[in-house]
Amino acid sequence: MSEENITRLHLNGKEYVLIGTAHVSKNSAEQVKEVIEREQPDSVCIELDAQRFQSVKDNNKWKNTDIFQVIRDKKAVMLLMNLAVSSFQKRMAKQFGIRPGEEMIQGIESAEETGAELVLADRDIQITFSRIWGNISFKGKAMLLMQVFGSIFSREEISEEELEKMKQQDTINAMLQEFTEHFPDLKKPLIDERDQYLSQKIKEAPGKKIVAILGAAHVPGITKEIEKEQDLEKLRARPPKSKWPKVIGWTIPILIIGIIAYTFITNPAAGWQQTISWVLWNGSLSAIGAFVALAHPLAALTAFVAAPFTSLNPLLAAGWFAGFVQAYIKRPNVGDFDSLADDVHSVKGFWNNKVTRILLVVVFANIGSSLGTLIGGADVIRVFIQNLS
C-alpha cells in the first residue's frame, strides 16, 4: 500500500503513524480504513473534541439543546458560530457530494472494529473560539461576526481551486481563512496551539503503536511539536479577561447616574430630559434590534423596558431578557431542532427557525442596546453641559 500522506515517527519506544487527511476527500476515508486494518494500533487518535464527537455520533444532538441554558450561559454567539461551521459543511456537501469529516467517522468505526482505544485529541472548539475571540479588538469581533453571518448565507459556489486548498485545512480553518489573513495573530490559537495540543494528546495515547487521523495542515506542526512537552492545562485555559472592560463597564453607568442625579438637583426639568433621552435611546434601539430579528412584540417590549436598566449594569444584557421571553412564547419544538442544519443554509430558514430566531433576538437586542448606550449617553452629557452654561 502507498505511504502517501503517511508520516511515521518513533519516540520513546512508541511508533506514531500520522495520516494527513483531506477533510473533503472521499479517498481519505478509504485510506484511514486500510491503514488501521493493516497496522492494528493500540490507539486511534482523531482530530475531534468531545462536542464534535457527539455531533458525529448523535444526529439528534440539536434536539437536546436547552435554549434557555444557552442564553443563561451567554453562549448565543458561540452557538451561532457553531451553526456557521455546520452551514459551511452543508454547502460543501451539497455542491460536491462530500460529507466533511468522513475520514474521522471512518476512524471511529475502524477503532471499534479493531478494538483500538479511541482518543479525542483536539482541543474543545469552544475554548478555541474563546481564545480567538480574546485575541481580537472590538472592530475585529464585529468583522468576525460579519464573516460568520456571511459564510452562513453565502450563495457562492466553491471553486475547484478553493476546494484543493480546503483539502489541506480543517473546516474551521477554511471558513476563517479570509479573516486570519487580516488578523495573522489568530494563527496562534487556530493552528499553532492546536498543533501543540494535538501532539501532546497523541503522545499520551496508550499503547506502543498509535494511529492519528489529522488534517494535512496539522501534520508538519505536530511532527515538530511532538518532541516537546506541552502544557495541556495552559492550552485549555480561557484567555484572562482584561480589567479595562469591567472598569469601563462600571465607570460609564456610575458617570451617567451621577450626571443625571446632579442635573436633577440643579435643574429638575433638564434631569427629566436626560432621563427620557436615556430611556428612549436605549429602549428604542434595543427594541428595533429585536424587531430586526423578527421578535415577538412582547420580546421587543421586554427589550425596550430592560435596556435602560441593563445598560447601567454590566452584569446584565437586554438581549438575554428579550431572548428568554421569545423562547417562552415561541418555544422551539422538535421539528425546529430537526431542521436546524438545513435552515441555517438560507436567510429565510435562519430567520424562520425558532431556535435561530431566539439567538438573533439576543444578539440584535444587545447590539441595539449598546448603540443606545452610546447615543443616549452622549445626549445626557450634552444636556449636562448645556445646563452648566
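Basis of the calculations
- Residues numbered from 1 in each chain as written.
- Predicted model: local features only at pLDDT ≥ 70, side-chain atom pairs only at ≥ 80, totals over all residues.
- Heavy atoms only, no water.
- Buried < 20%, exposed > 50% of the residue type's maximum accessible area, 1.4 Å probe, protein only.
- Helix = DSSP H or I, 4+ residues; strand = E, 2+ residues; numbered from the N terminus.
- Pairing = 2+ DSSP bridges.
- Patch = residues over 30% accessible without salt bridge, like charges linked within 9 Å, V, L, I, M, F, W, Y side chains within 5 Å.
- Areas by Shrake-Rupley, 256 points an atom, 1.4 Å probe, with all protein chains shown as cover.
- Salt bridge = Lys/Arg side-chain N within 4 Å of Asp/Glu carboxyl O.
- Axes fitted to C-alpha atoms, helices over the stretch in contact; angles between N-to-C directions.
- Core = buried A, V, L, I, M, F, W, Y, C linked by side-chain atoms within 4.5 Å.
- Contact = heavy atoms within 4.5 Å.
- UniProt positions renumbered as here; feature names shortened; annotations may be inferred.

Per an unreviewed UniProt entry, the protein chain goes by the name Conjugal transfer protein TraB and belongs to Oceanobacillus neutriphilus.

A.B. asks: Sorry, what's going on with the pairing of strand E5 (residues 209-215) here?
C.D. replies: For a regular strand, the rule is simple: side chains alternate between the two faces of the sheet. Along E5, six of the seven residues are buried, which leaves the element largely enclosed by surrounding structure. Pairing of strand E2 (residues 14-21) with E5, which is carried by seven bridges, proceeds in the parallel orientation. Bridging across to E5, glycine 20 finds its partner in leucine 214. Relative to E5, strand E3 (residues 43-46) runs parallel, the two being bridged by four bridges. Looking across to E5, one finds that serine 43 is bridged to isoleucine 210.

A.B. asks: Help me understand unusual backbone geometry, please; the structure alone is not making it clear to me.
C.D. replies: For residues other than glycine, phi is negative in most cases, and the peptide bonds are mostly trans. Despite not being glycine, asparagine 12 has its phi angle at roughly 50°, a positive value. For asparagine 12, the location among the structural elements is in the loop between strand E1 (6-11) and E2. By relative accessible area, asparagine 12 is classed as exposed at 69%. With phi around 50°, glutamine 40 is a residue other than glycine that occupies positive phi space. Looking at where glutamine 40 falls in the secondary structure, it is placed in the loop between helix H1 (26-39) and E3. Overall, glutamine 40 belongs to the partly exposed group, its relative accessible area being 46%.

A.B. asks: Sorry if this is basic, but what is going on with a nonpolar patch on the surface here?
C.D. replies: Taken together, Leu298, Leu301, Val305, Phe309, Tyr328 and Ile329 make up a surface patch of nonpolar side chains, about 640 Å² in accessible area. Among the secondary structure elements, those contributing two or more residues to the nonpolar patch are helix H16 (297-310) and helix H17 (318-329). Take leucine 301: it is sitting in helix H16. Residue classification places leucine 301 among the partly exposed positions, given a relative accessible area of 46%.

A.B. asks: Would you explain the sheet that holds E1 in this entry?
C.D. replies: One key point about sheets: their strands pair by backbone hydrogen bonds, in either a parallel or an antiparallel sense. Within the open sheet, the five strands sit side by side as E1-E2-E5-E3-E4. Their pairing is mixed. Of all the strands in the sheet, just E1 and strand E4 (117-120) have a single pairing partner and so form its edges. Pairwise comparison of adjacent strand axes, ignoring direction, gives a mean angle of 20° for this sheet. Bridge count for E1 against E2 is six bridges, and the pairing is antiparallel. Each residue of the ladder has a partner; that of threonine 7, found in E2, is leucine 18.

A.B. asks: Is there a simple way to think about the nonpolar core in this case?
C.D. replies: Across soluble globular proteins, you tend to see nonpolar side chains buried next to one another. With 16 residues, the main nonpolar core has Ile19, Val35, Ile36, Val44, Ile46, Val211 and Ile213 as its most contacted residues. Counting residues per element, the ones that place at least two in this core are E2, H1, E3, helix H5 (102-114) and E5. For isoleucine 36, the residues in contact, after removing those within four places along its chain, are Pro41, Val44, Gly107, Ser110, Thr114, Val211 and Ile213.

A.B. asks: What am I meant to see in the UniProt feature "transmembrane region" (unreviewed entry) in the protein chain here?
C.D. replies: Mapped onto this numbering, the UniProt entry gives "transmembrane region" (unreviewed entry) at residues 247-265, 285-305, 312-329 and 358-385. A helix fraction of 67% and a strand fraction of 0% characterise residues 312-329, whose end C-alpha atoms lie 27 Å from each other. Helix makes up 100% of residues 358-385 and strand makes up 0%, while its end C-alpha atoms are separated by 40 Å.

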